[in-house]
Structures are given as C-alpha cells and as structure tokens.
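# Coordinate inspection notes
Chain residues, written in single-letter form:
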Amino acid sequence: MPPVRSPALPEAEPGPAERAERLARELDAAFAARARLYWHLLVTLREALGEAEAERLLSRAIERHGAAAGAVIFAGLETPAPMAVASRFLTLASPDWGRLFPHVVEEDGGTVTVRVTRCPLKDAWVADGRTEAEVETLCRVAGHADHGVFGAAECGFSAETWRQGRGGCCVLRFTDT
C-alpha cells in the first residue's frame, strides 16, 4: 500500500517570505509552550514540596539545562572578553537574529550590558493571566538558564530579571573576571 500524502504539506510550496513568516510564528509559539511548561512544573512542584523548594528545584534544573547549552555555545571561544561572549551568544543562540528576544547592547569600558526589551516567555505568562507576582517568580526561575549558559563562558556575568513595576525584561551584564 503506497503512503498517503501528509495533509500537513501545502498543495504548492510557499515562497520564502511566507515560509519565514510562518516559521517565526511557530518559533514564538514554541517559546510560549516552554513558558507554559515552566508554569506547570512550578505549580506541580509547589503542590508537592511547597513554594521555596519548588522554586529551588526548578531553578536548579533550568540552570543545568543552560549549562549544557552554554558548553556547546562557548566551546572553542578563544577569549572570554565581555563583548566576545555577548556576541557569540547573540550570534549563535538568539533566535531569528535576535528578533525573538529584541535587545539593546551597550558597552561601557569593560562592561557589556544587554537590555532585553521583549521576552516570549513573559508575554505568554501575561497572556495567560498570571499575576505580576507570579510573572516575577517565573522570570526569576527562567533566568537561571542564563546563569547556566554564561557560567560556561568563564566571563563575569550578572542578570536582573523582570520585577513588578519595571518595564522591559531582563538585563544581562558581562564583565572581565
């Protein structure tokens, strides 16, 4: 019996612009799904272990995942200079050429600051009706991915995740160690 053509395939191959637009939407949706997974994991752990232990364990798991990604991203990086680390990350790991997490890069002496202006995870939590306190907690937990990623870079790193009353998203800082 011959295979049946998948109904997922279009009748005619879409043009590059249409494909790119669809892939960008699907990428955004994938990050929103990741955000929702974090929420459900946090709620499930909270029910079983309490607030503090749930946040601690989920943060630890996310940081481990980030460290594994960082080991790949920064493998072979010749120098862990702040701009080299930020550039490597933004070039290799910031989806859709930085459009998924729009940002502004500032350099002041030996410090590079990346101010993220939009986060699809935060957008999903807000769209789902999470309270500002819940979004703040989720941002803090999700921010542990950055600590894992940039810990692998051997560059000085700090992050401020979004807090109630503050616009934008997270702020990442890279310094010489």
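Our structure's up above, just so we're on the same page.
Computed from a prediction, not measured in an experiment: that's the story for all the values here. Along each chain, the written sequence defines residue order, and numbers are assigned to residues from 1. Local features in this predicted model are restricted to residues whose pLDDT is 70 or higher, and side-chain atom pairs enter the listing and the counts only when it is 80 or higher, whereas totals over whole chains, interfaces and linings include all residues. Side-chain descriptors were evaluated using all non-hydrogen atoms of the structure, hydrogens and water having been removed beforehand.

The pairing test for Phe, Tyr and Trp rings, Trp by its six-membered ring, is centres within 6.5 Å, and the orientation test on the planes gives stacked under 30 degrees, edge-to-face over 60, and tilted for anything in between. This structure, assessed with the given rule, holds six aromatic pairs. Both rings, one in F31 and one in F101, keep their centres 5.5 Å apart while their planes meet at 80°; by these two values the pair is edge-to-face. With a gap of 70 residues between them, F31 in helix α1 (residues 16-49) and F101 in the loop between α3 (82-92) and β1 (103-108) connect regions that are remote in the sequence. F101 shares its class with F31; the two are buried. Comment: elements are numbered from the N terminus, with helices defined as DSSP H or I runs of at least four residues and strands as E runs of at least two. Per-residue accessibility, obtained with a 1.4 Å probe over protein chains only, is compared with the maximum for each type, and a residue is labelled buried under 20%, exposed over 50%, and partly exposed between these values.

In what follows, salt bridge is the name for a side-chain nitrogen of Lys or Arg lying within 4 Å of a carboxyl oxygen of Asp or Glu. Summed over all chains, the structure comprises 12 salt bridges. In this structure, E21 and R25 form a salt bridge, with 3.6 Å as the shortest nitrogen-oxygen distance. With E21 and R25 both in helix α1 and four residues apart, this pair spans about one turn of that helix. Here E21 falls in the exposed class, since its relative accessible area comes to 54%. Among the ionic pairs, D28 bridges to R118, the shortest N-O distance being 2.8 Å. On the criterion of sequence distance, the pair formed by D28 in helix α1 and R118 in the loop between β2 (111-116) and α4 (120-127) is long-range, its members being 90 residues apart. Here D28 falls in the partly exposed class, since its relative accessible area comes to 27%. Beyond isolated ion pairs, a larger network of salt bridges with shared partners links D28, R118 and D123.

With that out of the way, let us pick up unusual backbone geometry. In the Ramachandran plot, D96 falls in the positive-phi region, its phi being about 55° despite a non-glycine side chain. Here the phi dihedral of W97 falls at roughly 55°; this positive angle occurs in a residue that is not glycine. Take W97: it is sitting in the loop between α3 and β1. Exposure remark for W97: the relative accessible area of 76% places this residue in the exposed category.

Where α4 contacts helix α5 (residues 132-142), the axes come no closer than 10 Å and their chain directions differ by 155°. When the interaxial angle is binned, α4 and α5 end up roughly antiparallel. For α4 against α5, the interelement crossing comes out right-handed. Only V135, L138, C139 and A142 of α5 make contact with α4, whose side of the interface consists of L121, K122, W125 and V126. When the residues that make up the contact of α4 with α5 are grouped by side-chain class, the tally is seven nonpolar, no polar and one charged. All axes here are fitted lines through C-alpha atoms, helices being fitted over the stretch that makes contact, and every angle between N-to-C directions spans 0 to 180 degrees. In these notes the angle categories are as follows: under 35 degrees is roughly parallel, over 145 is roughly antiparallel, 65 to 115 is roughly perpendicular, and the rest is oblique. Put simply, a crossing is left-handed when the front helix is turned counterclockwise from the back one by less than a right angle, and right-handed when it is turned clockwise. A contact between two residues is defined here by any heavy atoms of the two lying within 4.5 Å. Three categories are distinguished: nonpolar for Ala, Val, Leu, Ile, Met, Phe, Trp, Tyr, Cys and Pro, charged for Asp, Glu, Lys and Arg, and polar for the others, with Gly belonging to the last.

Mapped onto the fold, P102 is located in the loop between α3 and β1. The exposure class assigned to P102 is partly exposed, which follows from its relative accessible area of 26%. Counting along the chain gives 53 residues from P102 to C155, while the straight-line C-alpha distance between them is 22 Å. Filtering out sequence-adjacent residues up to four positions away, P102 remains in contact with R115, V116, T117 and R118.

For two strands to pair, DSSP has to find at least two bridges joining them. The sheet contact formed by β1 and β2 spans six bridges and is antiparallel. Within β2, the residue paired with E107 across the bridge is V112. Where β2 and strand β4 (residues 171-175) come together, four bridges link them in antiparallel fashion. Residue pairing for β4: V114 is matched across the bridge by L172.

Function cannot be read off these values alone, since they describe shape.
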